[in-house]
Amino acid sequence: MSFDLGVTAFVTLFVIIDPIGLAPLFLALTRGAASRQRRAIGGRALAIAFCLLALFGLAGERLLDAVGIDMAAFRIAGGLLLFLTAVDMLFERRQPRRENTAHQADAAPDPTVFPLATPLIAGPGALATMVLLIGQHPGDYAAQAVVYAAMTAVLAICYGLFLAGSLIERVLGPTGINVVTRLLGMLLAALSVQFVVEGLRAFGFGAG
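Here we summarise the structure given alongside this text. In this text, all values refer to a predicted model and were calculated from it rather than measured experimentally.

Another point: the environment of alanine 117. Of note, alanine 117 is situated in helix α6 (residues 112-121). Filtering out sequence-adjacent residues up to four positions away, alanine 117 remains in contact with Ala45, Ile48, Ala49, Thr112 and Ala122.

See below:
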């Protein structure tokens with residue numbers, strides 16, 4: 001079960017954060033920077049994103065309880081949000097929006113916090129996903145550790161792709177990146193439907 005959970009958490013977070021799509025944006029935001037400075041910016045941005053994602057995983061459900069939102073309702077809402085993200089990926093709407101966010105930050109001297117750490121890495125979809133994944137295993141610290149390990153692995157891959165972004169962009173090209181994005185979008189759509197189904201079951205729909 002831990003292996004299945006790890007695969008599910010890794011794939012979901014990988015699709016949501018989309019390290020492949022972020023790599024060229026990272027290059028654009030750090031253009032003109034020396035390799036050492038680029039590594040520092042990427043490392044700081046990922047450290048901030050890690051803290052945000054971990055915080056939402058730890059305290060997200062408590063926050064929902066404080067405002068009177070049932071976890072099943074949040075699971076359905078989160079699934080719908082992920083589905084919209086999947087639609088954006090399938091119809092190539094997410095990357096132009098991310099690029100627009102990046103262009104808005106061109107005048108900023110340091111893109112570490114905005115837009116890299118948030119919203120490009122730890123965006124609403126990734127934060128909601130952490131709440132959903134951790135919320136599926138209340139009190140099961142071993143399962144939660146698997147989710148955090150998967151999150152850490154995705155962020156580590158993100159850092160590696162940041163450093164190799166120019167090479168990946170040349171190898172895949174625009175067509176290759178579009179193909180990969182659409183395949184991941186299909187996968188995310190299926191996972192988002194699963195979240196909605198689980199939320200409906202928690203309300204008693206489809207049970208028995």
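That covers the picture; the talk isn't over yet.
Ile17, Leu22, Leu53, Ile121 and Met130 are the most contacted members of the largest nonpolar core, which totals 52 residues. When neighbours within four sequence positions are excluded, isoleucine 121 is seen to be in contact with Ile17, Leu22, Ala45, Leu46, Ala49, Leu116, Ala126, Leu155 and Phe162.

A contiguous nonpolar patch, built from Ile48, Val113 and Phe114 and spanning about 240 Å² of accessible area, is present on the exposed surface. Tracing the sequence through the fold places isoleucine 48 in helix α3 (residues 35-66).

A few words now on unusual backbone geometry. In this structure, proline 115 follows phenylalanine 114 across a cis peptide bond, with omega equal to 5 degrees. Along the chain, the position of proline 115 falls in helix α6. For aspartate 18, which is not a glycine, the phi torsion comes out positive at approximately 55 degrees. Mapped onto the elements, aspartate 18 comes out in the loop between α1 (2-17) and α2 (19-29). When its relative accessible area of 2% is taken as the criterion, aspartate 18 is described as buried.

Basis of the calculations
- Residues numbered from 1 in each chain as written.
- Predicted model: local features only at pLDDT ≥ 70, side-chain atom pairs only at ≥ 80, totals over all residues.
- Heavy atoms only, no water.
- Helix = DSSP H or I, 4+ residues; strand = E, 2+ residues; numbered from the N terminus.
- Contact = heavy atoms within 4.5 Å.
- Core = buried A, V, L, I, M, F, W, Y, C linked by side-chain atoms within 4.5 Å.
- Buried < 20%, exposed > 50% of the residue type's maximum accessible area, 1.4 Å probe, protein only.
- Patch = residues over 30% accessible without salt bridge, like charges linked within 9 Å, V, L, I, M, F, W, Y side chains within 5 Å.
- Areas by Shrake-Rupley, 256 points an atom, 1.4 Å probe, with all protein chains shown as cover.
- Salt bridge = Lys/Arg side-chain N within 4 Å of Asp/Glu carboxyl O.

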